[in-house]
Amino acid sequence: MAAAAVAPTIVSFESTVDPAALVYHIDLFLIAIFAAVVLLRLPRAIARFWKFSEWGTGYILYHTNFRRSATRRVEFNSEAGSRHHDLATDDTHWSSVQRVNEKGAAPSYPPHVSSCPQVFRGALQLLHARFNPGVSMLQIIIIVIYIATLVYPAFYKTNPFSDPVRYGWIGVSQLPFVFALSSKNNILGWFLGSGYEKVHILHRVIGRVIVLSVNIHGLGFIYQWNLEGVFMSKIANPNNYWGLIALICADILIIFSTSWLRNKAYTLFLSTHIVCASLILPAIITHKPATSPYVLTAVGIFVLDRVMRWIKTRITTATIRPLPELGVTRVEIPSINAGWRAGQHVRIRVLSSGMGIIGWSETHPFTIASIVKGEEGMILMCKKTGDWTNKLYDLAKSSAYEGEGEARKVRVSVEGPYGGPGHRMFSSFSAAVFVAGGSGITFALSSIQDLIQKDLEGHSRVKVIHLVWSVQEPSSLVPLLPLLTSLVQQSVFTPIRISVFYTRAPIGKFPFPDTFFRSTALTLSPGRPKVSKILEASISKAVSLGSGVKDHEKITGMIVGVCGPLGLVDSVAAEVGKVDPLRRDQVGGIEIHDECFGW
């Protein structure tokens, strides 16, 4: 007797919960968590925007009359007269000068709001510890909370194998978040006081959640239809094949977003992102018209970002010069000299056939290295790190001599500014330490120049500044030596120490004589910097007596700014975490602001 054929059994699980209503309330819960975080950070935002001038700073680039001089004058008493010429050293900035404006008014220092109360500083230090390279414990906790929130609708009264409908709703409900976190003009980041690059890790996490959800949704239906033998008839339905198109777009997005492909072929990654993201939205709304509120919200966020990017873009002429000692191209844009905050970056496109077939269409981010309203305008330092920056350097190098140095005029598109310190004000701290690696010096230069200018105007609490720059060759110091020397000389009220370290033995003749670095304000040393000792020295100087014109001001903490490769950023963060709690409290807390190279 022949064995009877057994037909596959399809288990159907009908959930009694409306998936659309469930994910809607989950989104409201996520928004409530976000609002609570914004409220916690609100005091710092209020402190920053207390000055009316801050409302229009850091958003739109423009040109204005450059700043010729500080609005404050310096007066020396008779005892200090003979030491006027020594103000560039550490010892004589402190005790013998006072500043007054034309009406004799006292300096107006910015308000300082700590990131957390003193009792929570230890916990915050643990949260900033690195879990993985470039990822802190705080970021991991945020990701865990987010995923845990979505686990509830994923398993509450449902079965992922027989009821895939809810997973489609989960994926679609996260579209507004993933689009908001991907935009350069990041609405969520603006409320948090963070640049788009700081919250981009959440964009990647949410993107993966969406892809996982829509795959469970789509493959679940494909599996059921194959078991029933109706796949071809079902997929012929326009609603269903548009759903399949959306699924394919989601999978392409995740495949081309892997770190390896993103680093090796960024243009390909960007192109697939633009095409698939543009196609997936109409595909979803055609597949399920009821999803229109989520899709239209994502479209609105996308359109708003594009409009803002158009508003923030300037097409102008720039001068490019090669700096062989640093391996960078110096980009000078005199027609733009205002609109950014120290530490912000712009995205630049060089509109020249010399950049190659597609090179002229690429945009790349670079930190602004110059001060607002300076005579030179906007200055960028573009390090040779890939095909595009190599082409830019070769383009500058092939130019003819103009004036005193090599220069070439090119048309550029400048978009920004973006990023920066957010609601954090460097000038509200008592001490500032900047650690830079290679071309990361641009971030430190703009920040220190801004602090000096604010100090001269009576708008900075900073008592001590220490710049630590790590380079490969000592010759890297040559093109920036005049600027670094001028920083020391210009800072009348706040002592600056600049420590340059080189990690490779010089080849040939040493670029400086042995007696060149006699001043304690500017030093050049072999090896790597000992960040722990540098932090301790800055703390000691900030809390010590005899700090001159700012003696009466309370200690308001130390800011550590670091810009460079991921390894440098993580190592500095680790050293900050090792500072003795007693010393940390003596200086009023230590905060770190990092700018890391990478996509």
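Here, the structure is the one placed above.
Cut-offs used in this document
- Residues numbered from 1 in each chain as written.
- Predicted model: local features only at pLDDT ≥ 70, side-chain atom pairs only at ≥ 80, totals over all residues.
- Heavy atoms only, no water.
- Helix = DSSP H or I, 4+ residues; strand = E, 2+ residues; numbered from the N terminus.
- Buried < 20%, exposed > 50% of the residue type's maximum accessible area, 1.4 Å probe, protein only.
- Contact = heavy atoms within 4.5 Å.
- Salt bridge = Lys/Arg side-chain N within 4 Å of Asp/Glu carboxyl O.
- Pairing = 2+ DSSP bridges.
- Axes fitted to C-alpha atoms, helices over the stretch in contact; angles between N-to-C directions.
- Polar contact = N/O pair within 3.5 Å; in protein donor to acceptor, adjacent residues only side chain to side chain.
- Parallel < 35°, antiparallel > 145°, perpendicular 65-115°, else oblique.
- Left-handed = near helix turned anticlockwise from the far one by under 90°.
- Nonpolar A, V, L, I, M, F, W, Y, C, P; charged D, E, K, R; others polar.

Draft legend 1. Layout of the overall build of the chain. Secondary structure assignment for the chain yields 19 helices and 18 strands. Burial status across the chain gives 49% buried among its 599 residues. Taking the intrachain contacts of the chain between residues at least 6 apart in sequence as the baseline, contacts between residues at least 24 apart amount to 78%.

Draft legend 2. Region of interest: the environment of F501. By the secondary structure assignment, F501 is in strand β15 (residues 496-502). You can call F501 buried: its relative accessible area is 13%. Those residues in contact with F501 that lie beyond four places of it in its chain are V468, W469, S470, V471, S525, P526, G527, R528 and P529.

Draft legend 3. Examining the pattern of salt bridges more closely. Within the structure shown, the criterion is met by 18 salt bridges. Residues R44 and E591 are paired through a salt bridge, measuring 2.8 Å at the closest nitrogen-oxygen approach. One end of the pair, R44, is in helix α2 (residues 42-49); the other, E591, is in strand β18 (residues 590-596), and 547 residues separate them in sequence. For the pair R44 and E591, a shared accessibility class is recorded, and that class is buried. Overlapping salt bridges bring together R130, K198, D570 and D594 as one network.

Draft legend 4. Here's a closer look at the sheet that holds strand β14 (residues 464-471). What the six strands build is an open sheet, ordered β16-β15-β14-β13-β17-β18; its pairing is parallel. Each end of this open sheet is capped by a strand with a single partner; those strands are β16 (522-526) and β18. The sheet shows a mean angle of 15° between the axes of neighbouring strands, direction not considered. Of the pairings in the sheet, the one linking strand β17 (residues 558-564) to β18 comprises seven bridges and is parallel in character.

Draft legend 5. Layout of the side chain of S370. Along the chain, S370 turns up in the loop between β8 (364-367) and β9 (378-383). The class of S370 is buried, set by a relative accessible area of 9%. A polar contact is formed between the side chain of S370 and the backbone oxygen of G377, at a distance of 3.0 Å. When near neighbours in sequence (up to four residues on either side) are disregarded, S370 contacts W340, G377, M378, I379, S446 and Q449.

Draft legend 6. Just the sheet that holds strand β12 (residues 408-418), in detail. Strand order in the open sheet made by the six strands is β8-β7-β12-β5-β6-β9, with antiparallel pairing throughout. The sheet is open, and its two borders are formed by β8 and β9, each paired with just one other strand. Neighbour-to-neighbour, the strand axes of this sheet turn through a mean angle of 40°, independent of strand direction. Against the sheet, helix α14 (residues 387-397) makes contact with β5 (313-323), β6 (328-333), β7 (345-350), β8, β9 and β12, and its axis sits at roughly 70° relative to β5, the strand it touches most.

Draft legend 7. Spotlight on the packing of helix α10 (residues 238-255) against helix α12 (residues 266-287). Between α10 and α12, the least distance of the axes is 8 Å, while the angle of their chain directions is 155°. The pairing of α10 with α12 is recorded here as roughly antiparallel in orientation. As for how α10 packs across α12, the hand of that crossing is left-handed. Contact with α10, carried on its side by N239, N240, W242, G243, I245, A246, C249, A250, I252 and L253, involves T272, H273, C276, A277, L279, I280, A283, I284, T286 and H287 of α12 and no other residues of that element. When grouped by side-chain class, the residues that make up the contact of α10 with α12 number 13 nonpolar, seven polar and no charged.

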